[in-house]
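Tertiary structure, described
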Amino acid sequence: MASLTVRQLDEKVKKLLRLRAARHGRSMEDEIRTILGQAAQGSGRDPPEAIDPPARAGAQAVRPSFATPEPSRERPATSSARRVLLIIGGGIAAYKSLDLIRRLQDHGIAVRCILTKAAQEFVTPLAAGALAGGHVHTDLFDPKSEFDVGHIRLARDTDLVVVAPATADLMAKMAGGHADDLASAVLLATDQPILIAPAMNPMMWSHKATQRNLARLLDDGVITVGPDAGEMAERGEAGTGRMAEPTAIAAAAVTLLDATAGQRPLAGKRIVITSGPTHEPIDPVRYIANRSSGKQGHAIAAAAAAAGADVTLVSGPVNLADPPGVRTVKVESARQMLDAVEKALPADCAIFAAAVADWRVANATSEKIKKTKAGMPPLSLVENPDILATIAHRKLGRPRLVVGFAAETENLIANAKDKLERKGCDWIIANDVSSESGVMGGDSNKVHIVTASGVEDWPPQSKDGVARALVGRIAAALVKEPS
Ligand code: CTP
């Protein structure tokens, strides 16, 4: 079958086509496909709005798909698919980005790809194009790409930009506002949210320069997913720097697309959340801990960020990925947690989901305690600061809404009411953490919202469900009582 590209059309037709495509908010290829579709149905008129409406301010739900001239995959995007522009950076993790294309498509997302020059050392444009089902863009000065789409259109004609892997170099370019190749120019020109999945050697990740660039990018509103800790591709190297798994990146992209499609009721609000257990050292190798997994607190942080809040998550040691779009501060002990919370203030709302150890060891040693004939030395315990009560009782700079949790194994509601009063908070989310409930470490939760005006019983649901419902309730409370 003969093929025709936009470039081969005569100038007059191209001009008309460009105007018509711009009017409908489509790429030129998409416009041709729509016209051909219309012709096949026997109509030569302008396509009716119902088939493919032009992008309207605020109308995010139905948008044109990327051009997929000759789809080679069975999962092409539909014309109403949400769109991701995937920028693949030059790192060994680039091979995982091919899988990411599939994972995004599994969510019905249309993917268009840009490969940096360095990325092409790891994966080929042909492979990425075959998976994405379309032309892969590589060069700022490629006359064909620039003419058909153009880097400004690439930057704008998407609902989300995902950078995976985001190398140290690409992050530095983004932080510095460079635009000397297609990827950096698009990242500078886009007005859509940007999600980055950093991937690099642990030394490069922890280097002050990278952390400085990361802080600047977070400040600019860039959202991160990962990196994870674990073994690196280089033999014998381990630490934090592995790119998040494609399923995790795709899930973060979906959360962001959902958030931008819907309302962002917490936009402009600052929220501080504690999560996970604390570890209280006995000696350099032993500590006191508890069974908290951090799942509920992390889910609340993710839901609050998806609702547009500026979230600081102060997390004890957990085995969970940092939620996307959240500033995560990692601490170990209760005293470190209090310190990090105080540094994160002021905030509109503070949520204390952490299972803070009530006591710490007063005589923790700097050397490992050895077994002796005298037996185990006595541990003397002192009470930890109550972070929730400290913040809730602040005279100056108290968040408008202070939410605590009550983890109880008996007399759930009575104990929760007592905590509400004693700790001076506005709401207590009471949950049964007895071993039969399966809440500690599990994925579901049954909570009761205890406030000064009464008790509300919520049905059992996933921790994500509780998080979303709670965030909705918080948004309503903050809107009802504006500052
Ligand atoms: N909390 C806190 N700092 C502490 C202890 C608890 O911030 N040192 C917070 C928790 O994050 C939670 C609430 O206080 O929001 C209640 O925690 P919980 O463990 O249920 O209660 P405790 O205060 O520890 O009391 P008890 O152990 O007697 O039930």
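We now turn to the structure provided with this report. (Residues numbered from 1 in each chain as written. Predicted model: local features only at pLDDT ≥ 70, side-chain atom pairs only at ≥ 80, totals over all residues. Heavy atoms only, no water.)

1. A few points about the overall build of the protein chain
Heads up, the rule is: Helix and strand definitions here come from DSSP, where helices need a minimum of 4 consecutive H or I residues and strands a minimum of 2 consecutive E residues; each element is numbered from the N-terminal end. Burial classes follow relative accessibility: with a 1.4 Å probe on protein chains only, a residue under 20% of its type's maximum area counts as buried, one over 50% as exposed, and anything between as partly exposed. Every residue pair with non-hydrogen atoms within 4.5 Å of one another is taken to be in contact. Areas reported here follow the Shrake-Rupley algorithm with a probe of radius 1.4 Å; residue values treat only the protein chains shown as occluding.
Secondary structure summary: the protein chain contains 16 helices and 21 strands in total. The buried share among the 483 residues of the protein chain stands at 48%. By sequence separation, contacts in the protein chain at least 24 residues apart represent 66% of the contacts at least 6 residues apart. Carbon together with sulfur atoms contributes 54% to the accessible area of the protein chain, which is approximately 23,800 Å² in total.

2. So, the environment of Arg286
Just so we agree on the cut-off: Here a polar contact means two N or O atoms within 3.5 Å. Within protein one must be a hydrogen donor candidate and the other an acceptor candidate, and residues neighboring in sequence count only if both atoms are side-chain atoms.
Tracing the backbone shows Arg286 in the loop between β9 (280-281) and β10 (287-288). It is 8.3 Å that separates the C-alpha atoms of Arg286 and Lys368, two residues lying 82 residues apart in sequence. Residues in contact with Arg286, not counting those within four places in the same chain, are Pro281, Lys368 and Ile369. A polar contact is formed between the side chain of Arg286 and the side chain of Asp283, at a distance of 2.4 Å.

3. Description of the site of the ligand
Quick reminder of the rule: Near is defined per residue: the residue qualifies when any heavy atom it owns lies within 4 Å of the molecule or strand. Gly is placed with the polar residues, together with every amino acid not listed as nonpolar (Ala, Val, Leu, Ile, Met, Phe, Trp, Tyr, Cys and Pro) or charged (Asp, Glu, Lys and Arg).
Neighbouring the ligand are 14 residues; Phe352, Ala354, Asp358, Phe405 and Lys423 lie closest to it. With respect to the ligand, the side chain of Asp358 contributes an N or O atom lying 2.8 Å from an oxygen atom. The protein chains hide 80% of the 560 Å² of surface that the ligand would expose on its own. Within the residue set of the shell around the ligand, elements represented by two or more residues are α14 (387-392), β16 (401-408) and α15 (412-423). Top element by residues in the shell around the ligand is β16. It accounts for four residues. Split into classes, the residues belonging to the shell around the ligand amount to nine nonpolar, one polar and four charged.

4. Concerning a nonpolar patch on the surface
The following threshold applies: Put simply, a patch holds well-exposed residues, over 30% relative accessible area, that have no salt bridge, with like charges counted together within 9 Å and Val, Leu, Ile, Met, Phe, Trp or Tyr side chains within 5 Å. Counted as salt bridges are all cases of a side-chain nitrogen of Lys or Arg within 4 Å of a carboxyl oxygen of Asp or Glu.
Together, Trp359, Met376, Leu379 and Leu381 line one region of the surface with nonpolar side chains, adding up to about 430 Å² of accessible area. Within the fold, Trp359 resides in strand β14 (residues 359-361). On the basis of relative accessibility, which here comes to 48%, the residue Trp359 falls in the partly exposed class.

5. A short note on helix α8 (residues 182-189)
Counted residue by residue, α8 has seven buried out of eight residues, so it is predominantly covered. Among all positions of α8, only Leu182, Ala183, Ser184, Ala185, Val186, Leu187 and Ala189 are buried. Buried residues along α8 sit in contact with β1 (82-88), β2 (109-115), α6 (151-156), β3 (160-166), α7 (168-176) and β4 (194-198).

6. Thoughts on the pattern of salt bridges
For the structure shown, the criterion picks out 20 salt bridges. The partner of Lys96 in a salt bridge is Glu245, with the nearest N and O atoms 3.3 Å apart. Residue Lys96 is found in helix α3 (residues 94-106), and its partner Glu245 is found in the loop between β7 (238-242) and α11 (246-261); the two are separated by 149 residues along the sequence. Overall, the relative accessible area of 33% leaves Glu245 in the partly exposed class. For Lys295, the salt bridge identified is with Asp443, shortest N-O distance 2.9 Å. Here the residue Lys295 occupies a position in helix α12 (residues 295-306), and Asp443 occupies one in the loop between β17 (427-432) and β18 (444-445), the gap between them amounting to 148 residues. Through salt bridges with shared partners, a single ionic network connects Arg83, Arg153, Asp157 and Asp159.

7. Describing the pairing of β1
Under the convention used in this document: Crossover handedness is defined by viewing with both strands directed away from the observer: a clockwise path from the first strand over the helix to the second marks the crossover as right-handed. Following DSSP output, two strands are said to pair if at least two bridges run between them.
Of all seven residues that make up β1, six are buried, and the element is covered over most of its length. The parallel pair β1 and β2, bridged by α3, forms a crossover whose chirality is right-handed. When β1 meets β3, the two strands line up parallel, connected through four bridges. In the strand pairing of β3, Leu85 is matched with Val161.

8. Thoughts on the pairing of β7
Two faces make up the sheet, and in a regular strand the side chains alternate between them. Bridge count between strand β6 (residues 228-231) and β7: four bridges; the pairing is antiparallel. Bridge pairing in β7 links Gly230 to Gly239.

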